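One-letter residues, chain by chain:
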Amino acid sequence: MASLLVFVRVKRIHYFILRAKDVSLENLSPAVDFYIGFKTIHFEKFFDQIYFDKKLRYAYRDSVFVTNIHEPNERIQGIYPCKNCDVMVEFTFLSNTYFMPYTFSDELEEKFNTFVYHEKRTPNYFHSIFINKSDKGISGCQFTSKAFSVNTHIYLKSNRSPQAIQHILFGITPI
């Protein structure tokens, strides 16, 4: 398990210490957890609901992009009902937006209640930003390879605004 210490200087005054380390795949963001579940199991049920050709399903199962994760409410209608689901995942597929019910593990649900997540996708990585809702805790970002074989977290502790923290963490890109 490699560890990396990164120093970031912002506006000549503020210094941040970020700690990066490779971690197991058990420490995933909610969006990455959904991607893994969708790629392995849920894509069949989704494609059945939108009447997508069975011959093309495996080719297109990586074409979803998570745009947001919502707590379930009456205004959000999923593509199929689910009474015991924790969240509704909003994602795009072929320029259309869909809502799919999803159930988290207890640990992931606790993370979802503790952090605000922002997602970005690069050609080789899923880039997840997590900002502590209490404004006093540790925030950070996570890079997960498209094959889900490499997972790196970078942690940041700062008294800056959530927008400034988000800007700093979105600026970090893997080589």
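About the thresholds
- Residues numbered from 1 in each chain as written.
- Predicted model: local features only at pLDDT ≥ 70, side-chain atom pairs only at ≥ 80, totals over all residues.
- Heavy atoms only, no water.
- Buried < 20%, exposed > 50% of the residue type's maximum accessible area, 1.4 Å probe, protein only.
- Helix = DSSP H or I, 4+ residues; strand = E, 2+ residues; numbered from the N terminus.
- Pairing = 2+ DSSP bridges.
- Contact = heavy atoms within 4.5 Å.
- Salt bridge = Lys/Arg side-chain N within 4 Å of Asp/Glu carboxyl O.
- Axes fitted to C-alpha atoms, helices over the stretch in contact; angles between N-to-C directions.

Before going further, it helps to spend a moment on the pairing of strand β4 (residues 87–93). For β4, the tally of buried residues reaches six of seven residues, placing the bulk of the element in the interior. Pairing of strand β3 (residues 65–70) with β4 involves five bridges; the strand directions are antiparallel. Across the sheet, the residue bridging to V66 is F91, located in β4. Once β4 ends, the chain turns through two residues before running back antiparallel as strand β5 (residues 96–102), passing L94 with a positive phi of about 50°.

Okay, the environment of F170 next. In this structure, F170 sits in helix α4 (residues 162–170). When the C-alpha atoms of F170 and E119 are compared, they prove to be 9.2 Å apart, with 51 residues separating the residues in sequence. Once residues within four sequence positions are removed from consideration, F170 is found in contact with H118, E119, K120, H127 and I129.

Our focus in this paragraph is the pattern of salt bridges. The tally for this structure, following the rule as stated, stands at two salt bridges. In this structure, D48 engages R57 in a salt bridge whose closest nitrogen and oxygen atoms are separated by 2.8 Å. R57 sits in the buried class, given a relative accessible area of 3%.

Reading across the sheet, the three strands line up as β3-β4-β5 and stay open at both edges, with antiparallel pairing between neighbours. What marks the edges here is a single partner per strand, and that holds for β3 and β5. Taking each pair of neighbouring strands and ignoring which way they run, the sheet shows an average axis angle of 25°. The sheet contacts of helix α1 (residues 30–49) involve β3, β4 and β5, and relative to β5 the element is tilted by about 100°.

Function cannot be inferred from these measures alone, as they are strictly geometric.
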